[in-house]
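The lines below spell out each chain.
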Amino acid sequence: MPNNPEITVGQLSERSGVAVSALRFYESKGLIRSRRTAGNQRRFSRDTLRRIAFIRVSQRVGIPLKVIQDALSALPGERTPTREDWARLSARWQSELDDRIKQLERLRHGLTECIACGCLSLDRCALSNPDDVAAARGPGSRLMVAPRDGCAPSC
């Protein structure tokens, strides 16, 4: 391979394992950048491979693309993330991930209780009607009826 500081979108796809369509999407979202040749072909700097690795690892641990985009755009001169950048960002993201894990555990617990009730009983279902809050709203199927205009959900 010649000592060319730039690579084509096909080469980037092959080396990163990311589909060309995904690379175009990343570019449209400002996650990666290319320059256009006189023939309107995309050329990427080789350090784009590291940016893509950063994006993919971040996605794998559940970080939304918007958050990844914000992190990358905050780097000076839109440079490629370093180990120090990853350490700083992953420390910040860890608390967000911990919160999501707690939410999922609550959902799993509620789902288990819901399945355990056997019939999705509206007075016992931990998902549809936790602590039977619908009983305070009056008789009937309050969970299925939208509140009237100007009323709180309990109307």
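Placed above this text is the structure.
Residues numbered from 1 in each chain as written. Predicted model: local features only at pLDDT ≥ 70, side-chain atom pairs only at ≥ 80, totals over all residues. Heavy atoms only, no water.

Novice: Would you take a moment to explain the overall build of the protein for this structure?
Specialist: The secondary structure content of the protein amounts to five helices and three strands. Its helices and strands in sequence order give the protein the pattern β-α-α-β-β-α-α-α, from N to C terminus. Put simply, the protein has 155 residues, and 25% of those count as buried. Put simply, the protein shows about 10500 Å² of open surface, and 53% of that area lies on carbon and sulfur atoms. (Helix = DSSP H or I, 4+ residues; strand = E, 2+ residues; numbered from the N terminus. Buried < 20%, exposed > 50% of the residue type's maximum accessible area, 1.4 Å probe, protein only. Areas by Shrake-Rupley, 256 points an atom, 1.4 Å probe, with all protein chains shown as cover.)

Novice: What am I meant to see in the pattern of salt bridges here?
Specialist: Pairs can form between side chains of opposite charge whenever their charged atoms are close. Counted according to the given criterion, the structure contains five salt bridges. A salt bridge links Asp85 to Arg79, with the shortest nitrogen-to-oxygen separation between them at 2.4 Å. Here the salt bridges do not stand alone but share partners, grouping Arg79, Asp85 and Arg88 into one network. (Salt bridge = Lys/Arg side-chain N within 4 Å of Asp/Glu carboxyl O.)

Novice: Help me out: how do you make sense of the packing of aromatic side chains in this one?
Specialist: Any two aromatic rings considered together are summarised by their centre-to-centre distance and by the angle between their planes. As enumerated under the stated definition, the model contains three aromatic pairs in all. Measuring from ring centre to ring centre gives 5.4 Å for Phe54 and Trp86, while their planes differ by 85°; the resulting arrangement is edge-to-face. Here Phe54, found in helix α3 (residues 48-60), pairs with Trp86, found in helix α5 (residues 83-117); they are 32 residues apart in sequence, far enough to count as distant. Ring centres 6.0 Å apart and planes at 80° place the aromatic pair Trp86 and Trp93 in the edge-to-face group. For Trp93, a relative accessible area of 1% corresponds to the buried category. Taken together, Phe54, Trp86 and Trp93 form an aromatic cluster joined through their ring pairs. (Phe/Tyr/Trp six-rings, centres within 6.5 Å; stacked < 30°, edge-to-face > 60°.)

Novice: Explanation requested: the pairing of strand β3 (residues 42-45) in the structure shown.
Specialist: Regular strands place their side chains on alternate faces of the sheet. Of the pairings in the sheet, the one linking strand β1 (residues 6-8) to β3 comprises three bridges and is antiparallel in character. Paired with Glu6 across the bridge in β3 is Ser45. Where strand β2 (residues 35-36) lies against β3, two bridges are found, and the strand directions are antiparallel. Bridging across to β3, Arg35 finds its partner in Arg43. A loop of five residues connects β2 with β3, the two strands running antiparallel in sequence, and Asn40 in this loop sits at a positive phi of about 65°. (Pairing = 2+ DSSP bridges.)

Novice: Looking at this structure, how should I read α3?
Specialist: In an α-helix, one turn spans 3.6 residues, which is why side chains three or four residues apart end up on the same side. Between its first and last C-alpha, α3 extends 18 Å over 13 residues, near the 18 Å set by a 1.5 Å rise per residue. Downstream of α3 by a residue or two, Gly62 has a phi angle that is positive, lying close to 95°. (Expected span 1.5 Å × (residues − 1).)

Novice: Honestly, helix α1 (residues 9-16) in this entry has me stumped. Any pointers?
Specialist: Within α1, the full set of buried residues consists of Val9, Leu12 and Ser13. Buried residues of α1, viewed axially, fall in a sector of 100°; they line one side. Buried-residue contacts for α1 involve β1, α2 (20-28), β3 and α3. Remark: Gly17 follows α1 within two positions and exhibits a positive phi of approximately 80°. (Arc of directions from axis to C-beta. Contact = heavy atoms within 4.5 Å.)

Novice: What is the right way to read the side chain of Ser13 from this model?
Specialist: With respect to the element layout, Ser13 can be found in helix α1. Overall, the relative accessible area of 15% leaves Ser13 in the buried class. Setting aside residues up to four positions removed in sequence, Ser13 forms contacts with Val18, Ala19, Val20 and Leu23.

Novice: Please explain unusual backbone geometry as it appears in this structure.
Specialist: Among all residues save glycine, negative phi is the norm, and among peptide bonds the norm is trans. In this structure, Asn40 is a non-glycine residue whose phi angle is positive, near 65°. Residue position: Asn40 is located in the loop between β2 and β3. Assessed through its relative accessible area of 53%, Asn40 is described here as exposed.

Bear in mind that shape data such as this cannot, by itself, settle questions of function.
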